[in-house]
Amino acid sequence: DDKDLPFSENMVRPLQTIKVEHVSLGHNHTILIEKETGKLFCFGDNGRGQVDGTSSTNTSIHTPMTPIGLSEDSFVDVAAGLFHSAAITKDGELVTWGCGRFGQSLTIQSDGSISNLGRWRPDDGVPLKKVSCGRRHTVIL
């Protein structure tokens, strides 16, 4: 019975239907890739859209969800930063969402507009393989 557990109202339930291939833990959010499907799921603090990919100020999401605009993609790597998230698609494209205040997310597009979700692929077409996020930076290989 959950009533005896500490913080039960904020607890993420066991991921009984999701088999995890990769996982990354941010400051207060989690990103994972489902084994076999490559689907992306996120949960936790969403104060800067690092979970759902929007500019939402919803402070917390306790049920694993796929960020808006990423349900059709398949992923091979994920990384969680302080208030931003990043992933590499099966096709080798970088996708970022969440806080981009310090340039750690691709939220400022080439035309100067601001987007909640940014995508990038090298001009030479070489597919990206790995991503790692720090507090205010993102590194790709």
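Here goes a summary of the coordinates provided. (Residues numbered from 1 in each chain as written. Predicted model: local features only at pLDDT ≥ 70, side-chain atom pairs only at ≥ 80, totals over all residues. Heavy atoms only, no water.)

1. Re the nonpolar core
The following threshold applies: The definition of a nonpolar core used throughout is a set of buried Ala, Val, Leu, Ile, Met, Phe, Trp, Tyr and Cys residues joined through side-chain atoms within 4.5 Å. The buried label applies to any residue whose accessible area, calculated with a 1.4 Å probe on protein chains only, is under 20% of its type's maximum; exposed applies above 50%, and partly exposed to all values in between. Note on conventions: DSSP H or I runs of at least 4 residues are helices, E runs of at least 2 residues are strands, and numbering of each starts at the N terminus. We call two residues in contact when some of their heavy atoms are within 4.5 Å.
Core analysis: the biggest nonpolar cluster contains 14 residues, and Leu40, Leu70, Phe75 and Trp97 have the highest contact counts within it. Tallying contributions element by element places strand β5 (residues 75-80) first for this core, with three residues. Residues within four places of leucine 40 in sequence aside, it is in contact with Ile31, Leu32, Ile33, Met65, Thr66, Pro67, Leu70, Phe75, Val78, Ala87 and Trp97. Core analysis: the next-biggest nonpolar cluster, separate from the first, contains seven residues, Ala86, Leu94, Leu128 and Cys133 among them.

2. Regarding the packing of aromatic side chains
The condition that has to hold: Classification of ring pairs uses Phe, Tyr and Trp, with its six-membered ring standing for Trp, and accepts pairs whose centres are within 6.5 Å; under 30 degrees between planes counts as stacked, over 60 as edge-to-face, and the remaining range as tilted. When the NZ atom of lysine or the CZ atom of arginine is within 6 Å of a ring's centre and also within 35 degrees of its normal, the charge is said to sit over that ring.
A complete count under the given rule lists zero aromatic pairs for this structure. Here the basic side chain of arginine 48 rests over the ring of phenylalanine 83, its NZ or CZ set 3.8 Å away from the ring centre. Looking at arginine 136, its charged tip hangs above the ring of phenylalanine 102, at a distance of 3.9 Å from the centre.

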